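Topology and contacts: notes
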Amino acid sequence: SFISLGRSPDKVTYCLDHPSISRIHALFVHHPRLHSYFLIDCASAHGTFVGGKRIEPKVPVRISDGTGSSEHITFGGSSRVYVL
């Protein structure tokens, strides 16, 4: 299963309202066999960041439970910080 995030409310599960966020910006994907969540940047123009570091587009990044600052997630140029 997955959750899509982006600026286009008719194309994503959760709409993130910021001009630097792409229409379809990123995906959170649950992998039941690995009991893990992954974050995938959908080749967004302004990037997806985990722990302040830009992740590579279309490459799944395993996300932990968010107990450390290294798991803070930001999208594009938005100052909002998300923790899983």
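Predicted model only: the values in this text are computed from it and were never measured.

Calculation rules
Residues numbered from 1 in each chain as written. Predicted model: local features only at pLDDT ≥ 70, side-chain atom pairs only at ≥ 80, totals over all residues. Heavy atoms only, no water. Disulfide = S-S within 2.5 Å. Buried < 20%, exposed > 50% of the residue type's maximum accessible area, 1.4 Å probe, protein only. Helix = DSSP H or I, 4+ residues; strand = E, 2+ residues; numbered from the N terminus. Contact = heavy atoms within 4.5 Å. Pairing = 2+ DSSP bridges. Core = buried A, V, L, I, M, F, W, Y, C linked by side-chain atoms within 4.5 Å.

1. Points about the state of the cysteines
Evaluated as defined, the whole model comprises zero disulfides. For Cys 15, which is in no disulfide, the shortest distance to another cysteine sulfur is to Cys 42 and amounts to 14 Å. The class of Cys 15 is partly exposed, set by a relative accessible area of 42%.

2. Describing the environment of Leu 5
Its location among the elements puts Leu 5 in strand β1 (residues 2-6). The spacing of Leu 5 and Phe 28 is 23 residues in sequence and 8.1 Å in space, taken between C-alpha atoms. Beyond its immediate chain neighbours, meaning those up to four positions away, Leu 5 contacts Val 12, Tyr 14, Leu 16, Ile 24, His 25, Ala 26, Phe 28 and Phe 75.

3. Observations regarding the sheet that holds strand β6 (residues 53-54)
Strands sit in the order β6-β5-β8 across an open sheet of three strands; the sheet is antiparallel. At either margin of the open sheet sits one strand with a lone partner, and together these are β6 and β8 (73-75). In terms of strand pairing, strand β5 (residues 48-50) meets β6 through two bridges, oriented antiparallel. By the bridge assignment for β6, Val 50 is matched with Lys 53.

4. Considerations on the nonpolar core
Counting residues in hydrophobic clusters, the biggest one holds eleven residues: Leu 5, Leu 16, Ile 21, Ala 26, Phe 28, Leu 39, Val 50, Ile 55, Ile 63, Ile 73 and Phe 75. Mapped by element, the contributors of at least two residues to this core are β3 (26-31) and β8.

5. Focus on the sheet that holds β3
Strand order across the open sheet formed by five strands is β2-β1-β3-β4-β7, with mixed pairing between neighbours. This sheet does not close on itself; its edge strands, each paired only once, are β2 (14-15) and β7 (61-63). By the bridge criterion, six bridges tie β3 to strand β4 (residues 36-41) in an arrangement that is antiparallel. Residue pairing across strands places Leu 27 opposite Ile 40, the latter belonging to β4.

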